[in-house]
Amino acid sequence: MIWEYRTTTAAQTQRIGARLAAFLRAGDLLLLNGELGAGKTTFTQGLGHGLGVRAGIISPTFVLVRIHPNLPDGHNPGGPDLVHVDAYRLATAGEIDDIDLETTMDGSVTVVEWGAERVEHLADNRLEIDLLRAVGRSEGGAADFTEDDDEPRLVRLRTVGPRWDGVDLSGLQDDPADVAGTPRNPVA
Ligand SMILES: Nc1ncnc2c1ncn2[C@@H]1O[C@H](COP(=O)(O)OP(=O)(O)OP(=O)(O)O)[C@@H](O)[C@H]1O
Ligand SMILES: [Mg+2]
């Protein structure tokens, strides 16, 4: 099943992640894909907030794996930890095996940035999420564009495996009335 969400700000993207967290449990695997700066880490920050894990989610540039433990005094005590991986520099199956995600996976939600074609083998059930910049964003050629300016993104979520059969993920987005071009969900 494929679900799509429109977002026009980084904060909206975080809220999509935060709402998705309510559907997640230990053992779940998420692959986040999309170009540099697409919003993979931004999405993960929202997810971590929703899961009630320790804050401080950043792009793990030189650290491949960061574990954000569930906060016993947070809003979701006893929930899964978040394991946040950046697989950008992991080229071979051997390098991926070396980081040994299997050992933490059962007790955690595992999120892998740049996971496509790298970690699918870890789980038959998974969510594959693409963050896509809206086409034509440079129209008008804003010379003062900076990376932090809010821009539209399309978040496309594909469910893989029976774990996700019948799970209704239609409500993750802010009020569709506020977000132009909202897709019909599910889209397929
Ligand atoms: N709608 C949006 N959703 C998410 N991020 C947005 C949006 N609009 C603007 N941004 C900005 O885009 C940037 C996304 O950066 P982020 O680190 O999340 O990307 P990334 O995909 O993790 O990149 P990398 O591949 O380098 O890890 C942030 O500066 C964020 O503020
Ligand atoms: Mg990142």
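What counts as what
- Residues numbered from 1 in each chain as written.
- Chains lettered and ligands numbered in written order.
- Predicted model: local features only at pLDDT ≥ 70, side-chain atom pairs only at ≥ 80, totals over all residues.
- Helix = DSSP H or I, 4+ residues; strand = E, 2+ residues; numbered from the N terminus.
- Rg over C-alpha atoms; globule rule 2.2 N^0.38 Å.
- Buried ≥ 20, exposed ≤ 12 C-beta atoms within 10 Å, placed from the backbone.
- Contact = placed C-beta atoms within 7 Å.
- Expected span 1.5 Å × (residues − 1).
- Axes fitted to C-alpha atoms, helices over the stretch in contact; angles between N-to-C directions.
- Parallel < 35°, antiparallel > 145°, perpendicular 65-115°, else oblique.
- Left-handed = near helix turned anticlockwise from the far one by under 90°.
- Pairing = 2+ DSSP bridges.

## Let's talk about the overall build of the protein
Phase 1 of the analysis: Scanning the protein from terminus to terminus reveals four helices and seven strands.
Phase 2 of the analysis: Going from the N terminus to the C terminus, the protein shows its helices and strands as β-α-β-α-β-β-α-α-β-β-β.
Phase 3 of the analysis: The C-alpha atoms of the protein give a radius of gyration of 16 Å, which matches the 16 Å a tight globule of 188 residues would have.
Phase 4 of the analysis: Each of the three principal axes of the protein carries a C-alpha extent, and together these read 50 × 35 × 35 Å.
Phase 5 of the analysis: Going through the 188 residues of the protein one by one, you find that 36% of them count as buried.
Phase 6 of the analysis: Partitioning the contacts of the protein with sequence separation of at least 6, the portion at a separation of at least 24 is 73%.

## Quick notes on helix 1 (residues 10-21)
Phase 1 of the analysis: The end-to-end C-alpha distance of helix 1 is 17 Å, a good match for the 16 Å that 12 residues give at a rise of 1.5 Å each.
Phase 2 of the analysis: Within helix 1, burial applies to Q12, T13, Q14, R15, I16, G17, L20 and A21.
Phase 3 of the analysis: Packing partners of the buried residues in helix 1 comprise strand 1 (2-7), helix 2 (40-51) and strand 7 (153-160).

## Looking at the packing of helix 1 against helix 2
Phase 1 of the analysis: Relative to each other, helix 1 and helix 2 sit at 45 degrees, their axes nearing to 6 Å. Judged by the angle between their axes, helix 1 and helix 2 are oblique. Considering the relative orientation of helix 1 and helix 2, their crossing is right-handed. For the pair helix 1 and helix 2, the contacting residues are A10, T13, Q14, R15, I16, G17, A18, R19, L20 and A21 in the first and T42, F43, T44, Q45, G46, L47, H49, G50 and L51 in the second.

## Section: the sheet that holds strand 6 (residues 126-133)
Phase 1 of the analysis: The strand order across the open sheet built from seven strands is 1-7-6-2-5-4-3, with neighbouring strands paired in mixed fashion. Looking along the sheet, the strands with just one partner apiece sit at the ends: strand 1 and strand 3 (65-68). The average undirected angle you get between the axes of adjacent strands in this sheet is 20 degrees.
Phase 2 of the analysis: Alignment of strand 3 against strand 4 (residues 81-86), held across four bridges, turns out to be antiparallel. When the bridges of strand 4 are listed, V65 appears paired with V85.
Phase 3 of the analysis: Here helix 1 sits on the sheet in contact with strand 1 and strand 7, set at roughly 145 degrees to strand 1.
Phase 4 of the analysis: Running over the sheet, helix 2 touches strand 2 (29-33), strand 3, strand 4, strand 5 (108-113) and strand 6 and is turned about 170 degrees from strand 5.

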